[in-house]
2 protein chains.
Amino acid sequence: MLNKTFLHDLQQAIGGATLLSHPAELESYAWDNTGVRFRPDAVVLADCAEQVAATLRFCQAAGIAVTPRGAGTGNVGGALPLHGGVVLSLQRMNRIVEINRQDRIAVVEAGVVNADLQQALKPFGLYWPPDPTSARSCTLGGNLAMCAAGANAVRFGVTRDWVLGVEAVLADGRLLRSGGRTSKNVVGYDLTRLLIGSEGTLAVITATTLALAPLPEARRSLRALFASVAAAADAVTQVMAEGEPPAVVEFLDQATLALLRRSGSLTLPDQAQAMLLLEVCGSQATVDQLATELEQRLKSGSALAVERAANDQEANKIWQARAVLSPILKKYAPKRINEDVVVPVSQLAPLIAGLEQLSHESGVPIVSFGHAGNGNLHVNLLVNPADAAVMAQVPMLLQRLFGLVLSLHGSLSGEHGVGLQKRDFVAQELDPVALTLQQQIKALFDPAGILNPGKALPPRLP
Amino acid sequence: MLNKTFLHDLQQAIGGATLLSHPAELESYAWDNTGVRFRPDAVVLADCAEQVAATLRFCQAAGIAVTPRGAGTGNVGGALPLHGGVVLSLQRMNRIVEINRQDRIAVVEAGVVNADLQQALKPFGLYWPPDPTSARSCTLGGNLAMCAAGANAVRFGVTRDWVLGVEAVLADGRLLRSGGRTSKNVVGYDLTRLLIGSEGTLAVITATTLALAPLPEARRSLRALFASVAAAADAVTQVMAEGEPPAVVEFLDQATLALLRRSGSLTLPDQAQAMLLLEVCGSQATVDQLATELEQRLKSGSALAVERAANDQEANKIWQARAVLSPILKKYAPKRINEDVVVPVSQLAPLIAGLEQLSHESGVPIVSFGHAGNGNLHVNLLVNPADAAVMAQVPMLLQRLFGLVLSLHGSLSGEHGVGLQKRDFVAQELDPVALTLQQQIKALFDPAGILNPGKALPPRLP
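In this text the structure is predicted, and so the values were computed from the model without any measurement.

## A word on the state of the cysteines
Inference 1: In this structure the tally under the stated criterion is 0 disulfides over all chains.
Inference 2: Counting only cysteine sulfurs, Cys48 of chain A is the nearest neighbor of Cys59 of chain A, a cysteine outside any disulfide, at a range of 16 Å.

In structure tokens:
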């Protein structure tokens with residue numbers, strides 16, 4: 001608990017920024033998408049980088065933890081104040097400073113919502129490729145902090161590929177500018193990408209210069225049904241092994257289809273036990289050709305059926321199955337454990353086989369779907385928190401899941417990040433020398449350890 | 001000078017690696033593409049990461065500088081032993097360890113030549129997009145160390161975009177593994193990209209896992225002539241402002257065309273004072289459409305003429321003008337100063353106007369050409385080293401050139417790097433806070449300062 005004198009001094013220090021300290025207000029900043037809650041002692045709503053700097057200077061001097069926060073849409077607790085202290089919200093810093101068509105860049109503050117930027121870019125015929133499922137509410141600062149991705153990444157890459165520069169505030173309040181406005185730039189070490197994905201543990205990103213891509217003129221959607229998850233996994237591998245990759249390759253497993261059937265969201269032939277949803281994009285003149293090539297490739301494989309949307313309405317219907325998944329899962333299994341593993345595309349089939357075995361042996365239903373073109377699956381363990389015997393199994397289940405992923409040369413997180421949820425598993429993935437260097441870099445950037453403590457990396461052994 | 005006892009101990013330490021110490025042999029490792037020479041005291045030819053580690057362990061203990069070296073094709077002295085000591089050659093580590101078609105990755109040792117990898121990838125229908133002009137001889141380790149790019153970067157990005165993981169040896173001999181085999185991976189800080197572009201000052205990269213792209217089925221080449229460099233710069237901006245960018249957009253200025261005419265390499269109408277060479281790529285089914293769209297866009301602008309190659313022979317003829325430039329420049333101006341500046345595409349016209357003014361005022365011919373689609377120009381100052389009055393002007397000319405580039409929000413180097421040539425200008429571009437952090441990171445990775453000393457960053461003030 002922070003006392004009244006402290007709050008008074010903090011308000012003095014941060015000048016015009018808004019300070020929240022009423023319990024009801026603090027409650028609004030205690031949550032994210034994990035379902036876990038940690039209440040902060042105070043919340044600062046910053047309007048500008050100077051206020052961010054003032055907050056950090058004051059908190060470093062006082063030894064108070066600062067947890068940067070965008071929209072709180074994260075899945076790993078990255079924005080939760082594990083040790084209390086101050087939550088520093090960037091949501092008010094939501095100015096789109098510049099959109100430059102010729103240079104294909106946008107300069108934005110960290111609190112701009114991903115979808116708001118996309119909307120503003122449309123008239124310029126441009127967009128920013130990273131598209132997390134939470135795009136309608138997540139902020140760009142959060143996207144950078146977690147190195148967010150999404151379905152587009154199959155062809156267009158992830159956040160780190162679409163950032164030219166950042167402005168950030170260090171733990172001691174100094175303003176850092178890194179990178180610039182050009183796609184080529186090899187002067188100095190790449191601090192820009194060191195901050196991207198560092199989950200607010202090295203600095204607080206306040207603004208960024210983003211690289212933009214031309215908005216594809218046209219898109220075509222396809223749906224392929226398979227008699228087994230193994231056949232669908234093989235089809236993904238085949239599609240990714242030749243030619244231009246599709247823009248999107250989403251996979252839904254047997255258990256996911258069962259859930260969709262049960263909820264009445266989708267009618268499918270009984271033999272269909274796995275599904276791929278795919279999209280190609282290009283110019284009006286080329287997109288049908290691309291769709292035809294992909295359709296033929298899928299049909300020459302083991303698909304039961306391949307359907308191609310004839311118009312936008314049919315395309316929307318195809319994608320509806322993917323869009324309803326999260327709400328349905330929340331309804332049927334509010335306390336599910338949602339993991340975000342990734343393996344090389346060639347290892348999708350063994351991953352899926354391993355998940356089936358794990359589910360079979362433990363009796364815990366596992367629903368897996370996601371960005372298969374990158375080998376990135378969202379694996380949902382449908383545990384019932386009221387069932388003590390099942391809950392006692394969870395640590396073993398996670399350990400077996402992560403062990404499986406690492407044995408297939410994968411990673412514990414493709415796009416959700418580490419946060420507090422996976423912190424204690426990081427050392428199983430990272431090379432010990434790399435981990436030590438990362439902990440030393442953390443100590444260099446944040447010697448007092450006030451920036452988002454307890455996230456991203458296990459603590460350094462003394 | 002290293003004495004005989006030292007050389008004997010070094011040979012003992014490095015085991016099976018080859019140690020060169022004969023003056024004639026050392027001379028072969030004293031040069032790169034800059035024309036500047038620094039002779040090492042000894043050269044180690046390593047066969048494996050263990051020998052690299054042994055060399056570094058020994059040299060750190062002895063306080064001897066180690067300069068990692070690939071093929072010596074760099075343009076900024078990055079591979080030159082500024083302070084003598086040991087040159088550590090990675091050229092013998094030239095194994096292509098794995099090519100994986102389904103995962104679109106290649107695992108290679110640092111000494112593999114760029115073109116050799118491309119050749120090995122062809123049967124798989126894949127390639128690695130970064131294509132420095134020196135691709136036929138430069139090594140992939142050098143490409144990573146400098147974050148090399150090339151003409152392809154307009155559409156396909158630079159080295160940092162096509163690397164999934166690295167294996168490197170730290171100054172104290174510890175082996176570091178970073179990244180992995182998947183395109184999505186957000187566990188831990190991005191040490192992979194911290195090493196890319198660090199010019200061998202943080203660690204010695206010994207192997208890497210590269211992301212691969214599908215080899216385009218077809219390419220089409222176009223040539224556009226303009227009455228002025230300003231008109232050509234405007235055309236670049238226009239081409240880059242809408243739709244899919246071409247795969248390659250190369251620019252040749254007035255002075256470059258004059259040089260080509262003088263050498264008899266090219267016949268052009270008198271009015272042509274600037275030229276663009278462009279390439280589009282795609283599938284057989286789509287490439288002609290892409291070429292037609294680009295041709296129409298260029299024709300609707302101020303081009304004097306737009307020609308499209310009808311076949312491979314005509315395409316080769318178009319690109320011949322670009323290919324002969326370096327040899328011609330070497331012949332006519334062996335002591336030219338070759339800079340590698342980059343500005344946002346919208347600032348190409350003011351950059352080129354500024355270069356003309358600089359040439360006019362100083363009397364020094366300036367020949368500029370390069371990767372205009374990225375705003376990256378190779379600016380050649382044709383100084384005559386015998387002319388003392390001109391040579392006295394050089395520092396002022398460079399200062400004006402760099403001042404111009406930075407005033408246009410550009411960078412001092414788009415792809416050649418800093419090395420020793422631009423080290424003393426780096427502080428003009430980098431934010432002082434960023435520079436301080438970079439120097440601290442250097443001290444963290446290499447506390448004894450043995451790794452490529454005097455490169456990339458100005459020394460840290462005590």
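Let's pick the thread back up.
## Thoughts on the relation of the copies chain B and chain A
Inference 1: Least-squares fitting of chain B to chain A yields an RMSD of 0.0 Å, with the transformation described by 0.0 Å of translation along the axis and a rotation of 180°. Accordingly, the operation relating the two chain copies is best matched by a two-fold axis.
Inference 2: The fraction of interface residues of chain B whose copies in chain A are also interface residues reaches 100%, indicating that both copies meet through the same surface.

## Regarding the sheet that holds strand 6 (residues 105-109) of chain A
Adjacent strands of a sheet pair through backbone hydrogen bonds, lying either parallel or antiparallel.
Residues and elements named next belong to chain A.
Inference 1: Taken in spatial order, the 5 strands of this open sheet run 5-6-10-8-9, and their pairing is antiparallel. Since the sheet does not close on itself, it has two edges, and those belong to strand 5 (96-100) and strand 9 (175-179), each with one partner. Within the sheet, the average angular offset between the axes of one strand and its neighbour, ignoring direction, is 10°.
Inference 2: Here strand 8 (residues 163-169) pairs with strand 9 via 5 bridges, running antiparallel. If you follow Glu167 over to strand 9, its bridge partner there is Arg177.
Inference 3: Packed onto the sheet, helix 3 (residues 49-62) meets strand 8, strand 9 and strand 10 (204-211) and runs at close to 50° relative to strand 8.

## Topic: the sheet that holds strand 2 (residues 42-45) of chain A
Residues and elements named next belong to chain A.
Inference 1: Read from one edge to the other, the open sheet built from 4 strands follows the order 1-2-4-3, with strand pairing classed as mixed. Both edges of this open sheet fall to strand 1 (18-20) and strand 3 (66-69), since each of them pairs with a single strand only. When strand polarity is set aside, the average angle formed by the axes of neighbouring strands in this sheet is 20°.
Inference 2: Direction of pairing for strand 3 relative to strand 4 (residues 86-89): parallel, over a ladder of 4 bridges. Within the sheet, the bridge partner assigned to Pro68 lies in strand 4 and is Leu88.
Inference 3: This element, helix 1 (residues 4-13), spans strand 1, strand 2 and strand 4 of the sheet and lies at about 160° to strand 1.
Inference 4: Sheet strands touched by helix 3: strand 2, strand 3 and strand 4. Its angle to strand 4, the strand with the most contacts, is close to 165°.

## Some words on the pairing of strand 5 (residues 96-100) of chain B
All names here are of chain B.
Inference 1: In the sheet, strand 5 pairs with strand 6 (residues 105-109) via 4 bridges, with the strands oriented antiparallel. Within the sheet, the bridge partner assigned to Ile99 lies in strand 6 and is Ala106.
Inference 2: Counted along the chain from strand 5 to the antiparallel partner strand 6, the turn is 4 residues long, and its residue Arg104 has a positive phi close to 50°.

## Looking at the environment of Gly188 of chain B
Inference 1: As for its placement among the helices and strands, Gly188 of chain B is situated in the loop between strand 9 (175-179) and helix 7 (191-195).
Inference 2: Of the residues examined, Gly188 of chain B reaches a relative accessible area of 17% and is grouped as buried.
Inference 3: Between the C-alpha atoms of Gly188 of chain B and Ser178 of chain B, which are 10 residues apart in sequence, the distance is 9.3 Å.
Inference 4: With sequence-adjacent residues up to four places away left out, Gly188 of chain B is seen in contact with Gly197, Val418, Leu430, Gln438 and Leu457 of chain A.

## Structural notes on the interface of chain B and chain A
Inference 1: Tallying the contact residues gives 83 residues for chain B and 84 residues for chain A.
Inference 2: With both sides pooled, the region where chain B packs onto chain A buries about 6800 Å², and carbon together with sulfur makes up 60% of that total.
Inference 3: Counting the surface chain B buries against chain A, the share from its top three residues, Lys184, Val186 and Tyr189 of chain B, is 15%.
Inference 4: Our count for the contact surface shared by chain B and chain A stands at 4 salt bridges.
Inference 5: Here Lys184 of chain A ties to Glu415 of chain B by a salt bridge, and the two come within 2.7 Å at their closest N and O atoms.
Inference 6: Looking at the side of chain B that touches chain A, the elements that each hand over two or more residues are helix 6 (153-156), strand 9, helix 7, helix 8 (229-241), helix 10 (287-299), helix 15 (426-429) and helix 16 (432-445) of chain B.
Inference 7: With 9 residues, helix 16 of chain B is the largest single contributor of residues to the side of chain B that touches chain A.
Inference 8: Looking at the side of chain B that touches chain A residue by residue, the class counts come to 35 nonpolar, 28 polar and 20 charged.

## Notes on the packing of helix 8 (residues 229-241) of chain A against helix 13 (residues 348-362) of chain A
In helix packing, the relevant descriptors are the interaxial angle and the interaxial distance, both defined with respect to the helix axes.
Residue and element names in this part refer to chain A.
Inference 1: One way to put it is that helix 8 packs onto helix 13 with a least axis distance of 8 Å and a crossing angle of 160°. Relative to helix 13, helix 8 is oriented roughly antiparallel. Considering only the axes of helix 8 and helix 13, their crossing is right-handed. Seen from helix 8, the contacting residues are Val229, Ala233, Asp234 and Val236; seen from helix 13, they are Leu348, Ala349, Ile352 and Glu356.
Inference 2: Broken down by class, the residue content of the contact of helix 8 with helix 13 amounts to 6 nonpolar, no polar and 2 charged.

## Re the side chain of Arg69 of chain B
Residue and element names in this part refer to chain B.
Inference 1: As for its placement among the helices and strands, Arg69 is situated in strand 3 (residues 66-69).
Inference 2: Asp32 provides the closest opposite charge to the buried, unpaired Arg69, separated from it by 6.5 Å.
Inference 3: Of note is the side chain of Arg69, whose polar atom sits 2.9 Å from the backbone oxygen of Trp31.
Inference 4: Discounting chain neighbours no more than four positions away, the residues touching Arg69 are Ser28, Tyr29, Trp31, Ala79, Leu80, Val87, Leu88, Ser89, Leu90 and Gln91.

## A closer look at unusual backbone geometry
All names here are of chain A.
Inference 1: For His409, which is not glycine, the phi torsion reads 65° and is therefore positive.
Inference 2: Here His409 is to be found in the loop between helix 14 (388-407) and helix 15 (426-429).
Inference 3: Positive phi, close to 70°, is recorded for Ala456, a residue that is not glycine.
Inference 4: Relative to the helices and strands, Ala456 resides in the segment after helix 16 (432-445).

## Regarding the environment of Val113 of chain A
Residues and elements named next belong to chain A.
Inference 1: Here Val113 shows up in the loop between strand 6 and helix 4 (114-121).
Inference 2: Overall, the relative accessible area of 18% leaves Val113 in the buried class.
Inference 3: Considering only alpha carbons, one finds Val113 and Cys138, 25 residues apart in sequence, at a separation of 5.5 Å.
Inference 4: Discounting residues that sit within four places of it in the chain, Val113 has contacts with Ala135, Arg136, Ser137, Cys138 and Thr139.

Parameters and conventions
Residue positions within a chain follow its written sequence, with the count starting from 1. Throughout, the order in which chains and ligands are written sets their labels, letters from A for the former and numbers from 1 for the latter. Only residues with pLDDT of 70 or above have their local features reported here, since the model is predicted, and side-chain atom pairs are shown and tallied only from 80 upward, although totals for entire chains, interfaces and linings are computed over all residues. The basis for every side-chain value is the complete set of non-hydrogen atoms in the structure, without hydrogens or water. Cysteine sulfur atoms that pair up within 2.5 Å are treated as a disulfide. Copies overlap after least-squares fitting; the atoms used are the C-alpha atoms of residues with pLDDT of at least 70 in both. By definition, residues are in contact when any of their heavy atoms lie within 4.5 Å. Whether two strands pair comes down to DSSP finding at least two bridges between them. Starting at the N terminus, helices and strands are each numbered in turn, a helix being any DSSP run of H or I of at least four residues and a strand any DSSP run of E of at least two. Only the stretch in contact is used when a helix axis is fitted, and all axes are lines through C-alpha atoms; the angle between N-to-C directions ranges over 0 to 180 degrees. Using a 1.4 Å probe on the protein chains alone, a residue whose accessible area is under 20% of its type maximum counts as buried, one over 50% counts as exposed, and one in between counts as partly exposed. Joining two parts hides part of their accessible area as seen by a 1.4 Å probe, and the buried area is that hidden amount summed over both. Basic side-chain nitrogens of Lys or Arg form a salt bridge, by our definition, when they fall within 4 Å of a carboxyl oxygen of Asp or Glu. The residue classification treats Ala, Val, Leu, Ile, Met, Phe, Trp, Tyr, Cys and Pro as nonpolar and Asp, Glu, Lys and Arg as charged. All others, Gly included, are polar. Oblique is the label for every angle not falling under 35 degrees (roughly parallel), over 145 degrees (roughly antiparallel), or within 65 to 115 degrees (roughly perpendicular). Handedness of a helix crossing follows the sense of rotation of the near helix relative to the far helix, less than a right angle counterclockwise being left-handed and clockwise being right-handed. Lys and Arg are tallied as positive, Asp and Glu as negative. Neither His nor the chain termini are counted. Two N or O atoms form a polar contact when they lie within 3.5 Å of each other; inside protein one atom must be a possible hydrogen donor and the other a possible acceptor, and for residues adjacent in sequence the pair counts only when both atoms belong to side chains.

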